[in-house]
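The chain contents come next:
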Amino acid sequence: MLTVRYFASLREALGCEEENITLEQKDNVTVSDLVGLLSARGEPWDVLQDTGQVLVAVNQSICQRTQPLHGDEEVAFFPPMTGG
Amino acid sequence: MLTVRYFASLREALGCEEENITLEQKDNVTVSDLVGLLSARGEPWDVLQDTGQVLVAVNQSICQRTQPLHGDEEVAFFPPMTGG
Amino acid sequence: MAVDDKTCRINIQVQSDDFDLGSEYSRLRHQADNPGAIVSFIGLVRDFIGEGTEGEQSLTLEHYPGMTEKALQDIADRACSRWPLSGCTIIHRVGKLVPSEQIVAVLVASSHRDAAFSGAEFIMDYLKTEAPFWKKQQAGDQAEWVVSRASDYQRASRWKNSKH
Amino acid sequence: MAVDDKTCRINIQVQSDDFDLGSEYSRLRHQADNPGAIVSFIGLVRDFIGEGTEGEQSLTLEHYPGMTEKALQDIADRACSRWPLSGCTIIHRVGKLVPSEQIVAVLVASSHRDAAFSGAEFIMDYLKTEAPFWKKQQAGDQAEWVVSRASDYQRASRWKNSKH
């Protein structure tokens, strides 16, 4: 089971902080496939496809959307950082 | 009357901290002329001619050896700085 | 445990409490091996709206617990492997802050002043673009998320093209 | 006297006494107008000889009273006219110091972090090459004047060719 987390303005836009998602297919799945699944919910979820506005971390490390998923990771989506 | 001051390793090499010098000629005199006068004393005073090892300040501002002197300035000679 | 004197001592703290530069400096000064230079950076909350605007101003910092510490440790490790640093401290506050409060502290110790300056700038540049913090500004009853700046990404990317 | 909020507040101190970074930082933080960033540099006396060398080590700093303050003020003025700095403090110690003691502090406040970093580096680079301080090292009964380094002059000259 994937734990999917949303932060900051994205959390507010989606009205969701965290959800669990079970992947039906376990092989050759990437972050892009997960984004496809979530975006299919329609607005406001399709914002996840915008790679400039939404960054991804898998198991708490920033990664590309080509990153493979095995189905038991913590995946986080969030806007570009504004700390410091 | 010029007040001539020497600092750090130069002060030690010359065995002199401060002296007063009265310029005989008052017009068109530069730092270079003062250096000529002092260097004429021979060793160790001729080190003053070495522009890489000896810097000059007139009235507490670093200057070139072409700097004019009127005869009433404070002139300082010292090695390159090593503060900080 | 034997202590390797060549190790870069790294202190990472993410906290809602304020911090004291004097204490952090003293700690790093005594931890670091024979430091010749210590550079500190402190970031503070500025008045982000013009004078005359009504209502209390505040800044709320959200972060991603767990990933934040990992990201800061990774940035510090990269700085320590790039320059001969003997110690480094990163403190970042989270939660609600008001103008003039301290947000972030980065302290870097080295035997060389250029390494200490570069290390501190490098850490700040990557902290801004890789550490999962997000700021929300509030002025009176108006609240908005701060938008990331392209200039911060440009500053961070300059380290990829230069040796120092 | 009316205070111009856009002025860069400059504090220059040449002293034999030690200084406290925490106090200097607090002072600058409250003097500077709405600072977003404060960068501090502290230089410390390093062990300048290898382990096993016998005798007490010390560093004696000579300076040119009068000119020193003038030179530091001039360097600070140039930094303030080059970057939007809201405050700057330069403290340099003179007299006899032993390893691990503090020698110099430079603190720079600005609303921009890049200006604060550049201002502090600029001041340190010119302090090393234009402020009339000279160091003499003593180890046991061996004393020698520290020789200036070409690299310090190179670092200072880079500001002549770059805008920032």
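Data block above holds the structure.
The rules we used
- Residues numbered from 1 in each chain as written.
- Chains lettered and ligands numbered in written order.
- Predicted model: local features only at pLDDT ≥ 70, side-chain atom pairs only at ≥ 80, totals over all residues.
- Heavy atoms only, no water.
- Helix = DSSP H or I, 4+ residues; strand = E, 2+ residues; numbered from the N terminus.
- Rg over C-alpha atoms; globule rule 2.2 N^0.38 Å.
- Buried < 20%, exposed > 50% of the residue type's maximum accessible area, 1.4 Å probe, protein only.
- Contact = heavy atoms within 4.5 Å.
- Areas by Shrake-Rupley, 256 points an atom, 1.4 Å probe, with all protein chains shown as cover.
- Lys, Arg positive; Asp, Glu negative; His and termini not counted.
- Charge placed at Lys NZ, Arg CZ, Asp CG, Glu CD.
- Buried area = accessible area lost by both parts, 1.4 Å probe.
- Salt bridge = Lys/Arg side-chain N within 4 Å of Asp/Glu carboxyl O.
- Nonpolar A, V, L, I, M, F, W, Y, C, P; charged D, E, K, R; others polar.
- Pairing = 2+ DSSP bridges.

Novice: Before we move on, could you go through the overall build of chain A and cite the residues and values that matter?
Specialist: For chain A, the helix and strand inventory stands at two helices and seven strands. The N-to-C order of helical and strand elements in chain A reads β-α-β-β-α-β-β-β-β. Against the globule reference of 12 Å for 84 residues, chain A gives a C-alpha radius of gyration of 12 Å, in line with a compact fold. Here the C-alpha coordinates of chain A stretch approximately 35 × 30 × 20 Å along the principal axes. The proportion of buried residues among the 84 residues of chain A is 49%. Within chain A, residue pairs in contact and separated by at least 24 positions form 52% of the contacts whose partners lie at least 6 positions apart. For chain A, the exposed surface amounts to about 4200 Å²; the carbon and sulfur share of it is 43%. In chain A, which carries 5 positive and 13 negative side-chain charges, the distance between the mean positions of the two groups comes to 3 Å.

Novice: So what's going on with unusual backbone geometry? Which residues, and what values?
Specialist: Here E43 of chain A and P44 of chain A are connected by a cis peptide whose omega angle stands at -5°. The phi angle at A8 of chain B is positive, at roughly 55°, despite the residue not being glycine. A8 of chain B gets classed as buried once you look at its relative accessible area, which sits at 0%. Of note in the backbone geometry, N34 of chain D takes a positive phi value of approximately 50° without being a glycine. Checked against the element boundaries, N34 of chain D lands in the loop between α1 (21-31) and β2 (37-44). On the basis of relative accessibility, which here comes to 25%, the residue N34 of chain D falls in the partly exposed class.

Novice: So what about the interface of chain D and chain C? Which residues, and what values?
Specialist: Counting residues at the interface gives 32 residues for chain D, matched by 33 residues for chain C. Between chain D and chain C, a total of about 2900 Å² is buried, with carbon and sulfur atoms accounting for 51% of that surface. The largest per-residue losses of area from chain D upon contact with chain C belong to R46, R113 and F117 of chain D, which jointly make up 25% of the total buried on that side. Counting across the chain D and chain C interface gives six salt bridges. D125 of chain C serves as the salt-bridge partner of R113 of chain D, at 2.7 Å between the closest nitrogen and oxygen. Taken together, the elements giving at least two residues each to the side of chain D that touches chain C come down to α1, β2, α3 (113-130) and α4 (150-161) of chain D. Of the residues belonging to the side of chain D that touches chain C, the class tally is twelve nonpolar, eight polar and twelve charged. Judged from the seven bridges that link them, strand β2 (residues 37-44) of chain C and β2 of chain D form a sheet pairing that is antiparallel. Paired with V39 of chain C across the two strands is F41 of chain D, which belongs to β2 of chain D.

Novice: Just give me the short version of the pairing of strand β7 (residues 133-139) of chain D, but keep the residues and values in it.
Specialist: Residue and element names in this part refer to chain D. In terms of residue burial, β7 counts as a mostly covered element, since five of its seven residues are buried. In terms of strand pairing, strand β3 (residues 57-63) meets β7 through seven bridges, oriented antiparallel. For L61, the partnering residue across the bridge sits in β7 and is K135. By the bridge criterion, four bridges tie β7 to strand β8 (residues 142-145) in an arrangement that is antiparallel. The partner of Q138 across the bridge, within β8, is A143. Connecting β7 to the next strand, β8, in antiparallel fashion are two residues, including G140 with a positive phi near 65°.

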